[in-house]
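# Descriptive analysis of the structure
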Amino acid sequence: MLLRELETMVARTGKRPLSSIFFGGGTPSLMEPATVAAIIDRAQQLLTFVNNIEISLEANPTSVEADRLRGFAGARINRVSLGVQSLNDADLRFLGREHTADEALAAVAVAQKCFDNVSFDLIYARPEQTPEAWTEELNRALAQGIDHISLYQLTIEPTTPFYARHARGEFRVPGEDLAGALYDTTQQVLEASGMPAYEVSNHARPGRACAHNLLYWQYGDYIGIGPGAHGRVSTGAPGATKWATRTHRAPSIWLDRVARAGHALVDDDALPPAEMRIEAALMGLRTTEGLRARRSHQLFGIPPTALFQPEDLDPLVAGGFLTVDADGIRATPDGRARLDAVTARLLRSAPDRFTPETG
């Protein structure tokens, strides 16, 4: 069914260059390597693989076995990202993870024997975490010899089990000041190790940034297939119209709909130019390159400064949160540390300014 949905979606886009494939969400490492290989082979038949295409797979340490990883390497996976999440056993239990820190590092070692490009995730701003403990944990992570790491701040979302527990007072997360100190610690330790941030939550050595991440943050096109997959696909000239797609998340319903219709889309909407511009700005400003002038012209035919009202943009530049020059608009280190507030201020009048008629 994955192949059928892929074929349906590619029929809409036509044959295009393909720079990355990302097997993510849930536990794709539980797929059989033969299934992964079949998807990659069919994608190559339908689309044009660029040289050195990046083909990534997410895996949980509990689902990693040496033979299985060797099978994925044989299926042409060339990059693996492991959901380590913490190197502290007590925090792993708090996060609901089934692996221990030692098991996670053993999985990293196994992956490094099978792949040249290995990354893993850690979560910080956990209950009772201090900058000193986080520094020690980061150094332990860096000692594994990886070239890419993703570091996410713990957030309490209403749809997660953490929300009710937090509401009952079972635990407390770091306050704003401590969370800021943990963020600063992250930047200092990773920059000193030669792995600066290329995006708010992602750090890499030169040449090791995730191609799929960059495509996403630069507002490129990507097809989403499988239960709950999201996509952004342009039709016509680049940036002329971008369609937001989402498939049904329930596997049984997804299977039934793909069998009947060739896809399981529940959202398939043409984005208004105003929304496209907001999305491009929100994503681009998360990267150290920012919203590039050349990319803004490619997408919208206007410079990035024309996306915003001067009364929204100028105070953020004057306050040291954004930089504007011939290359585009970028968030400064202070701006990236407060990016939610910066983008909220920057975009507060954008929906009123940009209407479909002005696109």
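For the structure, check the block above.
Keep in mind that what you see is a predicted model, and the values were worked out from it rather than measured.

## Concerning the overall build of the protein
Helix and strand counts for the protein stand at 16 helices and 13 strands. On C-alpha atoms alone, the protein measures out to a radius of gyration of 21 Å, which is about the 21 Å that the 2.2 N^0.38 rule sets for 359 residues. Projected onto the principal axes, the alpha-carbon positions of the protein cover approximately 55 × 50 × 45 Å. Among the 359 residues that make up the protein, the fraction classed as buried is 47%. Partitioning the contacts of the protein with sequence separation of at least 6, the portion at a separation of at least 24 is 66%. Surface accessibility of the protein: about 17200 Å² in total, with carbon and sulfur atoms responsible for 51%. Once the 36 positive and 44 negative side-chain charges of the protein are each reduced to a mean point, those two points are 5 Å apart.

## Describing helix α6 (residues 131-142)
Taking 1.5 Å as the rise per residue, α6 with 12 residues should run 16 Å; its terminal C-alpha atoms sit 16 Å apart, in good agreement. What α6 keeps buried is the set Pro131, Trp134, Glu137, Leu138, Ala141 and Leu142. Viewed along the axis of α6, the buried residues span an arc of 135°, placing them on a single side of the element. Residues of α6 that are exposed and point more than 90 degrees away from the buried face comprise Glu132 and Glu136. Of the surrounding secondary structure, the elements contacted by the buried residues of α6 are β4 (117-124), β5 (148-153) and α8 (176-192).

## Some details on the layout of surface pockets
If a probe the size of a water molecule is rolled over the atoms, the empty space left behind becomes visible. In this structure, the second largest pocket occupies an estimated 1200 Å³ of space. Every residue lining the second largest pocket is counted, 39 residues in all, and those nearest its centre are Tyr124, Gln153, Tyr183, Val200 and Ala337. For the lining of the second largest pocket, the secondary-structure elements that each account for two or more residues are β4, β5, α8, α14 (333-337) and α15 (339-346). Here the element with the most residues in the lining of the second largest pocket is α8; it accounts for 10 residues.

## Some remarks on the nonpolar core
In terms of nonpolar packing, the biggest core is built from 50 residues, with Ile21, Phe23, Ile77, Leu82, Phe120, Leu122 and Ile149 touching the most fellow members. Once residues within four sequence positions are removed from consideration, isoleucine 77 is found in contact with Phe23, Val36, Ile40, Ile55, Ser56, Leu57, Phe72 and Phe115. The next biggest cluster of nonpolar side chains, apart from the first, holds 26 residues, and it includes Phe308, Leu316, Val342 and Leu347.

## Brief notes about the packing of aromatic side chains
In total, this model carries 3 aromatic pairs according to the counting rule given. Ring plane angle 25° and centroid distance 5.3 Å describe the contact between tyrosine 124 and tryptophan 134, whose orientation is recorded as stacked. Of the two residues, tyrosine 124 is situated in strand β4 and tryptophan 134 in helix α6; the sequence distance between them amounts to 10 residues. The rings of Tyr216, Trp217 and Tyr222 are connected pair by pair, giving a single aromatic cluster. Lying across the ring of tyrosine 219, lysine 242 places its NZ or CZ 4.6 Å from the centre.

Conventions used here
Residues numbered from 1 in each chain as written. Predicted model: local features only at pLDDT ≥ 70, side-chain atom pairs only at ≥ 80, totals over all residues. Heavy atoms only, no water. Helix = DSSP H or I, 4+ residues; strand = E, 2+ residues; numbered from the N terminus. Rg over C-alpha atoms; globule rule 2.2 N^0.38 Å. Buried < 20%, exposed > 50% of the residue type's maximum accessible area, 1.4 Å probe, protein only. Contact = heavy atoms within 4.5 Å. Areas by Shrake-Rupley, 256 points an atom, 1.4 Å probe, with all protein chains shown as cover. Lys, Arg positive; Asp, Glu negative; His and termini not counted. Charge placed at Lys NZ, Arg CZ, Asp CG, Glu CD. Expected span 1.5 Å × (residues − 1). Arc of directions from axis to C-beta. 1 Å grid on protein atoms, 1.4 Å probe; cavity = no way out; pocket = protein on both sides within 12 Å on 5 of 7 lines; lining within 4 Å. Points joined across faces, edges and corners; volume = space filled by probe spheres on them. Core = buried A, V, L, I, M, F, W, Y, C linked by side-chain atoms within 4.5 Å. Phe/Tyr/Trp six-rings, centres within 6.5 Å; stacked < 30°, edge-to-face > 60°. Lys NZ or Arg CZ within 6 Å of the ring centre and 35° of its normal.

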